[in-house]
Amino acid sequence: MRKFSPDWFRQQFPALNEPNCYLDSAATSLRPQTLIEATQAYYQSGGTVHRSHYSQAKATTERYEACRQQVAALINAADANQIIWTRGSTEAINLVAQAWLAHQLQPGDEILVSEAEHHANLLPWLMLAEKTGANVVPWPVNVEGELNIAQLALRLTARTRLVAVTQMSNVTGYVPPMADIIALAHQAGAAVMVDGAQGIVHHTTDVQHLDADFYVFSAHKLYGPTGIGVLYARKDRLAEMRPVQGGGKMISHVDFNGYRLLPAPWCFEPGTPNIAGVLGLASALDFHQTVDWQAAEVWTCQLADRAAERLATLPGISLFRAAGSPIISFVFESLHSADLFTLISEYNVALRVGQHCAQPLMQALGVDGTLRASFAAYNTDEDVEKLVQAVTFAYQLLTDEE
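Model, not experiment: these values are computed from the prediction. (Residues numbered from 1 in each chain as written. Predicted model: local features only at pLDDT ≥ 70, side-chain atom pairs only at ≥ 80, totals over all residues. Heavy atoms only, no water.)

Draft legend 1. Fine view of the overall build of the protein. Along the protein, the regular secondary structure elements total 14 helices and 15 strands. The globule rule puts the C-alpha radius of gyration for 402 residues at 21 Å, and the 22 Å found for the protein is close to it. In terms of overall dimensions, the protein has C-alpha extents of about 75 × 55 × 35 Å along its principal axes. Out of the 402 residues belonging to the protein, those deemed buried represent 53%. The long-range fraction of contacts in the protein, counting pairs at least 24 apart against all pairs at least 6 apart in sequence, stands at 70%. In the form shown here, the protein has an accessible surface area of approximately 17300 Å², with 51% of it arising from carbon and sulfur atoms. Looking at the protein, you have 26 positive and 40 negative side-chain charges, and the mean spots of the two groups are 10 Å apart. (Helix = DSSP H or I, 4+ residues; strand = E, 2+ residues; numbered from the N terminus. Rg over C-alpha atoms; globule rule 2.2 N^0.38 Å. Buried < 20%, exposed > 50% of the residue type's maximum accessible area, 1.4 Å probe, protein only. Contact = heavy atoms within 4.5 Å. Areas by Shrake-Rupley, 256 points an atom, 1.4 Å probe, with all protein chains shown as cover. Lys, Arg positive; Asp, Glu negative; His and termini not counted. Charge placed at Lys NZ, Arg CZ, Asp CG, Glu CD.)

Draft legend 2. View of the sheet that holds strand β7 (residues 214–218). Judged by pairing direction, the sheet is mixed, and its seven strands sit side by side in the order β2-β8-β7-β6-β5-β3-β4 without closing on themselves. The sheet terminates laterally at β2 (83–86) and β4 (135–139), the two strands that pair on one side only. Put simply, the sheet's adjacent strands are angled 20° from each other on average, direction ignored. Pairing of strand β3 (residues 110–114) with strand β5 (residues 160–166) involves four bridges; the strand directions are parallel. Bridge pairing in β5 links E110 to T160. Together, β2, β7 and β8 (229–233) form the strand contacts of helix α3 (residues 55–75), whose direction differs from that of β2 by roughly 115°. (Pairing = 2+ DSSP bridges. Axes fitted to C-alpha atoms, helices over the stretch in contact; angles between N-to-C directions.)

Draft legend 3. Structural context of the sheet that holds strand β15 (residues 370–374). Spatial strand order, β11-β12-β15-β14: four strands in an open sheet with antiparallel pairing. Strand pairing shows two members of the sheet lacking a second neighbour, β11 (317–320) and β14 (352–354), which therefore form its edges. Taken pair by pair, the neighbouring strands of this sheet meet at an average axis angle of 25°, ignoring direction. Here helix α11 (residues 293–311) sits on the sheet in contact with β11 and β12 (327–332), set at roughly 15° to β12. Taken strand by strand, helix α12 (residues 337–345) contacts β12, β14 and β15, and its axis lies near 40° from that of β15.

Draft legend 4. Summary view of a nonpolar patch on the surface. A cluster of nonpolar side chains, namely L123, L126 and M127, defines an oily patch on the protein surface of about 260 Å² accessible area. Note that M127 resides in helix α5 (residues 123–132). The exposure class assigned to M127 is partly exposed, which follows from its relative accessible area of 46%. (Patch = residues over 30% accessible without salt bridge, like charges linked within 9 Å, V, L, I, M, F, W, Y side chains within 5 Å. Salt bridge = Lys/Arg side-chain N within 4 Å of Asp/Glu carboxyl O.)

Draft legend 5. Geometry of the pairing of β7. Most of β7 is tucked away: five of the five residues are buried. A two-sided burial pattern is seen for β7, the buried positions comprising F214, V216 and S218 on one face and Y215 and F217 on the other. Bridging between β7 and β8 involves five bridges; their strand directions are antiparallel. Considered in β8, the bridge of Y215 is made with Y232.

Draft legend 6. Structural view of the packing of helix α4 (residues 89–101) against α5. The interhelical angle for the contact between α4 and α5, taken along N-to-C directions, is 30°, at an axis separation of 9 Å. Classified by the interaxial angle, the pair formed by α4 and α5 is roughly parallel. Two packed elements cross with a definite hand, and for α4 against α5 that hand is right-handed. Where α4 abuts α5, its residues I93, N94, V96, A97, Q98 and L101 lie against P124, W125 and L128. Looking at the contact of α4 with α5 residue by residue, the class counts come to seven nonpolar, two polar and no charged. (Parallel < 35°, antiparallel > 145°, perpendicular 65-115°, else oblique. Left-handed = near helix turned anticlockwise from the far one by under 90°. Nonpolar A, V, L, I, M, F, W, Y, C, P; charged D, E, K, R; others polar.)

Draft legend 7. A look at α4. A rise of 1.5 Å per residue sets the reference length of α4, with its 13 residues, at 18 Å; its end C-alpha atoms lie 17 Å apart and thus fit the reference within 8%. When we look at burial in α4, the residues that qualify are S89, A92, I93, L95, V96, A97, A99, W100 and L101. (Expected span 1.5 Å × (residues − 1).)

Draft legend 8. Region of interest: the packing of aromatic side chains. All told, the structure shown has 21 aromatic pairs when counted by the stated rule. Ring centres of F330 and F332 lie 6.4 Å apart, and the angle between their planes is 90°; on these two criteria the pair is classed as edge-to-face. Judged by relative accessible area, which is 0%, F330 ranks as buried. (Phe/Tyr/Trp six-rings, centres within 6.5 Å; stacked < 30°, edge-to-face > 60°.)

None of this, on its own, says anything about what the molecule does.
Structure (structure tokens):
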């Protein structure tokens, strides 16, 4: 039976045993005790996966491969073999760029990228366009940082090969209308790359219902370990992909006359994998099954609502936040965010400051950078109070000095 209470949930995370206020979950979530124990158990045992035949290695391989099915169930993929392990969302997006799009692009072809993207869903396309003579076409946001479907329709052409779009902004928490975006792109003959790094933990994802061509996420933003990510590819797109790295564990035969690849996903995973990362993700997904995530998300966004309402009363503040979002980005008129951050840190409040790997969005919003507080289900009303007190303290100290 799934459950959620703020106190019970918070108790699962040993990092919160210390008196700190962690509001940087959009960068990386904290890890539950069960995950830590699962990772430690692997490192205290031993063995690798797939090529060893003793009992311990076989058991590890079974658990490792079973995690693909857990991920497939999480995002409603039709087949666990559509799940490719990567080091994270960034590597997954780069794999799509090099293994799928690179051998299809012609000079003058177009890659349409929204202005709301994290650099991980922009740089790979810029680099690929530089090599192939293709063009990266921006899909602009409005003054609130939101995307307009009508603007997408105007930018889609017969040369558009791919649309790259985030499931959820890491700056404002804005959630684009993904089903409409994918349907419109497909009508124009373009594939869609969905960056789910932020969205996976806050929103139910059904890749079959969306008809997403590619979907990626990183475990460390899903209460999982660092260094492990997921690439989901629709079956027809998976068949069009070509491995871009060679090594062990990806072939059925090789000699100096050639080689035979294993089927997907294994042909895209050469070398010894991040076994502990996959086993840690498996544990995180076991934990995931015990939580009422709808209730957890309601709690999380209520906390952010209360924090945003109180911060908005401070003079000179500008908030960049989609309605109902767990993320609050903000700046103060005539005050430097880095100075505010330094003072806020004295209150032991963990925020993020800077451009959040989203420079085009910052330019569109008309700011050099922001402070960002991102809430998760382990946060509390006390965290809201600490945040407001710390920001108020920093603001008053800096304005008094001036």
